[in-house]
Amino acid sequence: MLNTLIGDVGHLSVIVAFVAATVAAYSYYMASRGRALGDTDAAWLRLGRGAFVVHSLAVVSVIVCLFGIIHGHRYEYYYAWSHSSNHLPVYYMISCFWEGQEGSFLLWIFWHVLIGLVLMRAARRWEAPVMSVFAGVQLFLTSMILGVVVVGNLRIGSSPFILLRDFMPDLPVWKTDPNFVPKDGTGLNALLQNYWMVIHPPTLFLGFALT
């Protein structure tokens, strides 16, 4: 039976994260502009901080939804079907999370969120100019998993919450059973079924985020 609620919540969270990053980047830019003139606008600064906190909460929501789809073996979603399977232990399900491009971007975004929250408290008088750039980078990274159609076939980013039937609409099974859900996924790449692959990607993307 199809369960689209968790995917809808996840996709909505991506949109909220994108919009909040846009607001944060603009607000911090306006605050840093005032700072350059010798007067940091406290209202813009507060708005920037609030927007980045909302962005952070939305990113956590995206992560919870995507891992819930993988861990729950919800193979109606293309990401779970193409990267996981029933026999995988939990620690390899974690590797499934970032095996795909969307999951890798999400891992990068997550590290940025943690670093951004630290910078908001540690940057002090440099907070506005630093966070305006930082939130702008988050805006770009979040657009990579947005998966929103703008005009015609023009799509911004690739959503990790796309249903299998939407990703592969030409399969004959949809004609006989529109709600078909595979019993198992295709599984994790055998080369990634190693405990080092649970450790290596987070370390790598933490380096990207810090850079």
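Owing to the predicted nature of the structure, the values given are computational and were not obtained by experimental measurement.

## Some points on the overall build of the chain
Helix and strand content of the chain: 9 helices and 2 strands. Element order for the chain, N to C, with α for helix and β for strand: α-α-α-α-α-α-β-β-α-α-α. Each principal axis of the C-alpha distribution contributes one length, and for the chain these read about 65 × 40 × 25 Å. For the chain, the residues scored as buried account for 44% of the 211 residues in total. The long-range fraction of contacts in the chain, counting pairs at least 24 apart against all pairs at least 6 apart in sequence, stands at 71%. On the chain, roughly 11200 Å² of surface is accessible, and the fraction owed to carbon and sulfur atoms is 67%. Across the chain, the centroid of the 12 positively charged side chains sits 12 Å from that of the 11 negatively charged ones.

## A look at helix α9 (residues 196-210)
Across its 15 residues, α9 extends 21 Å between first and last C-alpha, which sits within 8% of the 21 Å expected from 1.5 Å per residue. For α9, the set of buried residues is V198, P201, P202, F205 and A209. On an axial view of α9, the arc spanned by its buried residues comes to 95°, and they lie on one face. Exposed residues lying more than 90 degrees from the buried face of α9 are W196, T203 and L210.

## Overview of the packing of aromatic side chains
Applying the stated criterion across every chain, the model contains 12 aromatic pairs. Ring geometry for Y78 against F167: centres 3.7 Å apart, planes inclined by 20°, an arrangement best described as stacked. Taken together, the positions of Y78 in helix α3 (residues 78-83) and F167 in helix α7 (residues 164-167) put the pair 89 residues apart, joining distant regions of the chain. Classification of Y78 as partly exposed rests on a relative accessible area of 22%.

## Structural notes on the side chain of S85
With respect to the element layout, S85 can be found in the loop between α3 and α4 (90-99). A relative accessible area of 2% means that S85 is categorised as buried. Polar side-chain contacts of S85 include one of 2.9 Å to the side chain of H87. Once residues lying within four places of it in the same chain are set aside, the contact partners of S85 are H73, Y75, D184, G185 and G187.

## Considerations on a nonpolar patch on the surface
A cluster of nonpolar side chains, L12, I15, V16, V19, V23, L47 and V54, forms an exposed patch at the surface whose accessible area comes to about 510 Å². Counting residues per element, the nonpolar patch draws most heavily on helix α1 (residues 5-36), at 5 residues. Looking at the element boundaries, I15 is found in helix α1.

## Digging into the pairing of strand β1 (residues 148-151)
Strand direction decides the pairing type here: β1 and strand β2 (residues 154-156), joined by 3 bridges, are antiparallel. Bridged to V151 within β2 is L154. Linking β1 back to β2 in an antiparallel pair, the connection comprises 2 residues, with G152 at a positive phi of about 60°.

## A look at the state of the cysteines
By definition, a disulfide links two cysteine residues through a covalent bond between their sulfur atoms. Per the counting criterion, the structure on display carries 0 disulfides. The cysteine C65 is free of any disulfide, with C96 supplying the nearest cysteine sulfur at 17 Å.

About the cut-offs
Residues numbered from 1 in each chain as written. Predicted model: local features only at pLDDT ≥ 70, side-chain atom pairs only at ≥ 80, totals over all residues. Heavy atoms only, no water. Helix = DSSP H or I, 4+ residues; strand = E, 2+ residues; numbered from the N terminus. Buried < 20%, exposed > 50% of the residue type's maximum accessible area, 1.4 Å probe, protein only. Contact = heavy atoms within 4.5 Å. Areas by Shrake-Rupley, 256 points an atom, 1.4 Å probe, with all protein chains shown as cover. Lys, Arg positive; Asp, Glu negative; His and termini not counted. Charge placed at Lys NZ, Arg CZ, Asp CG, Glu CD. Expected span 1.5 Å × (residues − 1). Arc of directions from axis to C-beta. Phe/Tyr/Trp six-rings, centres within 6.5 Å; stacked < 30°, edge-to-face > 60°. Polar contact = N/O pair within 3.5 Å; in protein donor to acceptor, adjacent residues only side chain to side chain. Patch = residues over 30% accessible without salt bridge, like charges linked within 9 Å, V, L, I, M, F, W, Y side chains within 5 Å. Salt bridge = Lys/Arg side-chain N within 4 Å of Asp/Glu carboxyl O. Pairing = 2+ DSSP bridges. Disulfide = S-S within 2.5 Å.

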